[in-house]
Amino acid sequence: MTDLPSLRESLDAHGLSAKKSFGQHFLLDLNVTRKIVRLAGPFDGRSVIEVGPGPGGLTRALLESDAGRVVLVEKDPRFLPLLAELDDGSGRLEIVEGDALKVREAELVEGPAHLVSNLPYNVGTALLIKWLTGPWLPYALTLMFQKEVAERIVAAPGDDAYGRLAVIAQAVCEARLVMHLPAAAFTPPPKVASAVVHLVPRADRPDRETLKRLERVTAAAFGQRRKMLRSSLKTLGGAALCEAAGIEPDARAEVIDGAGFLRLAAALT
Ligand code: SAM
C-alpha cells in the first residue's frame, strides 16, 4: 500500500469528484480509516465486505489488515478503475459493481464475513435493516452513520432516540457506538456529524419469524409513541396482548425494553 499515490492524488488522476446522488462523502485520511479498521477487527483471516468503497481509503486499510478476502460493492462505476489499482494480484481483493440493497451477500463470500462501511447516508438505515433481518447475517458489522442514526441504533429505553431501530438492532446484536467523527473529517463535509457503530450478532437472537412480529409490534407501538400501548397496539390485540406479555397496558412504547417487546412479539397470534 505504501507505493500508492495519496487518496487525493488518486481522485485527481482519475478526474473524480463526489456526487451527491450517491451520498458521497469521502474519508481521505488513512489514519482515520486505519482506526475504523482496528475497531472492526481482528478478522483472523475471515472475509470482509465493504459497501461503497469510493476512492478506497477504508479499502486500503482493510488490505493492510488480517482480512482473508476483501470484497467491494460499489454502485458508482466511475470508481472501478481507481479501485482496480489497489489489486496487488494476490487474489484477496474482489470488486463488484452493484447496488448493496440488491446484492446477495451469500453469493459473494463463503463462511462468516464482516461488514465494514462508511455508508451512503441515504440508504444506511435500509442497509442495516437488510443485514439485521437476513437471510444473510454478517459475523460483525462496523458501520459509519450520521450521528443521529448511530444514536438511534444504540439508544436505551427512555432516551429520546429510543425507537424501532434500537429495539430491532439490539434484539439481533450487541450494539456499541465506538467512534465519533466531525463533519470536517469528510470530503466534501456533510451537514451533520457522524459516528461508527460496532454490532455483533447475539447467540440468542430471535428467529426470522419472531423478527417479523417484532417489526409489526414496534411499528405500531412507536408509530404513535405518545399513546398508551393499549391504544397504539389496538389492532394487534391492545390491552389483552399487553397482559399476555406481562406488560402494563397503560405504559408507553418508550419505556418498554427489548425483552418486553420480544414478549409482545411472542404473544401476537
Ligand atoms: N468508503 C468511502 C470513503 O469512506 O471515503 C466512500 C464512502 S461514501 C459515504 C459512500 C459510498 O457508497 C460512495 O462510494 C457511493 O458511490 C457508494 N454507494 C452509494 N449508494 C450505494 C449502493 N446502493 N450500493 C453500493 N454502493 C453505494
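Rules used in this analysis
Residues numbered from 1 in each chain as written. Predicted model: local features only at pLDDT ≥ 70, side-chain atom pairs only at ≥ 80, totals over all residues. Heavy atoms only, no water. 1 Å grid on protein atoms, 1.4 Å probe; cavity = no way out; pocket = protein on both sides within 12 Å on 5 of 7 lines; lining within 4 Å. Points joined across faces, edges and corners; volume = space filled by probe spheres on them. Nonpolar A, V, L, I, M, F, W, Y, C, P; charged D, E, K, R; others polar. Domains from an automatic or database assignment. Contact = heavy atoms within 4.5 Å. Buried area = accessible area lost by both parts, 1.4 Å probe. Salt bridge = Lys/Arg side-chain N within 4 Å of Asp/Glu carboxyl O. Polar contact = N/O pair within 3.5 Å; in protein donor to acceptor, adjacent residues only side chain to side chain. Helix = DSSP H or I, 4+ residues; strand = E, 2+ residues; numbered from the N terminus. UniProt positions renumbered as here; feature names shortened; annotations may be inferred. Buried < 20%, exposed > 50% of the residue type's maximum accessible area, 1.4 Å probe, protein only. Near = heavy atom within 4 Å. Sits in = over half its atoms within 2 Å of the grid points. Pairing = 2+ DSSP bridges. Axes fitted to C-alpha atoms, helices over the stretch in contact; angles between N-to-C directions.

Approximately 450 Å³ is the volume attributed to the largest pocket. Along the wall of the largest pocket there are 32 residues; nearest its centre are Phe22, Gly52, Glu74, Asn118 and Pro120. Class assignment of the residues belonging to the lining of the largest pocket gives a composition of 16 nonpolar, 12 polar and four charged.

Split by domain assignment, the protein resolves into domain 1 (7–201) and domain 2 (208–267). The C-alpha centroid of domain 2 is placed 32 Å from the C-alpha centroid of domain 1. Taken residue by residue, the interface counts 16 residues in domain 1 and 15 residues in domain 2. Between domain 1 and domain 2, a total of about 1,100 Å² is buried, with carbon and sulfur atoms accounting for 65% of that surface. Contact with domain 2 buries area across many residues of domain 1, yet Tyr162, Arg164 and Val167 alone supply 44% of it, more than any other trio. Inspection of the region where domain 1 meets domain 2 yields zero salt bridges. For the pair domain 1 and domain 2, the number of links is six residue pairs in polar contact (both at pLDDT 80 or more).

Time to look at the environment of tyrosine 121. Mapped onto the secondary structure, tyrosine 121 falls in the loop between strand E4 (113–118) and helix H5 (124–133). In this structure the C-alpha to C-alpha distance between tyrosine 121 and serine 21, which are 100 residues apart in sequence, comes to 10 Å. Setting aside anything within four residues of it in sequence, one finds tyrosine 121 in contact with Met144, Phe145, Gln146, Phe186, Pro190 and Ser194.

With that settled, the discussion passes to the UniProt feature "binding site: S-adenosyl-L-methionine" (unreviewed entry) in the protein. Here, UniProt's "binding site: S-adenosyl-L-methionine" (unreviewed entry) annotation points to His25, Leu27, Gly52, Glu74, Asp99 and Asn118. Lining residues of the largest pocket, restricted to the annotated ones just named, are His25, Leu27, Gly52, Glu74, Asp99 and Asn118. Mapping leucine 27 onto the fold places it in the loop between helix H1 (7–13) and helix H2 (30–40). A relative accessible area of 6% means that leucine 27 is categorised as buried. Ignoring anything within four residues of it in the chain, the contact list for leucine 27 reads Leu7, Val32, Thr33, Ile36, Gly57, Asn118, Met144, Leu181, Ala185 and Phe186. Mapped onto the secondary structure, glutamate 74 falls in strand E2 (residues 70–74). Here aspartate 76 takes part through its backbone nitrogen, which lies 2.8 Å from a polar atom of the side chain of glutamate 74.

Surrounding the ligand, one finds 21 residues, the nearest of these being Gln24, Leu27, Gly52, Glu74 and Asn118. Between proline 53 and the ligand, the recorded distance is 3.4 Å, taken from a backbone N or O atom to a nitrogen atom. Contact distances for the ligand include 3.3 Å between an oxygen atom and a backbone N or O atom of glycine 54. Counting atoms within 2 Å of the grid points, the majority share of the ligand lands in the largest pocket. Grouping the amino acids of the shell around the ligand by side-chain chemistry returns nine nonpolar, seven polar and five charged.

Taken together, the seven strands give an open sheet; going across it, the order is E3-E2-E1-E4-E5-E7-E6, and neighbouring strands pair in mixed fashion. Each having just a single partner strand, strand E3 (93–97) and strand E6 (173–181) make up the two edges of the open sheet. Averaged over all pairs of adjacent strands, the angle between their axes in this sheet comes to 20 degrees, without regard to strand direction. As defined by bridge partners, E4 adjoins strand E5 (residues 140–146) across five bridges and the pair is classed as parallel. Directly across from histidine 114, in E5, lies its bridge partner alanine 140. Against the sheet, H2 touches E4, E5, E6 and strand E7 (194–201), its axis set at about 165 degrees to E6.

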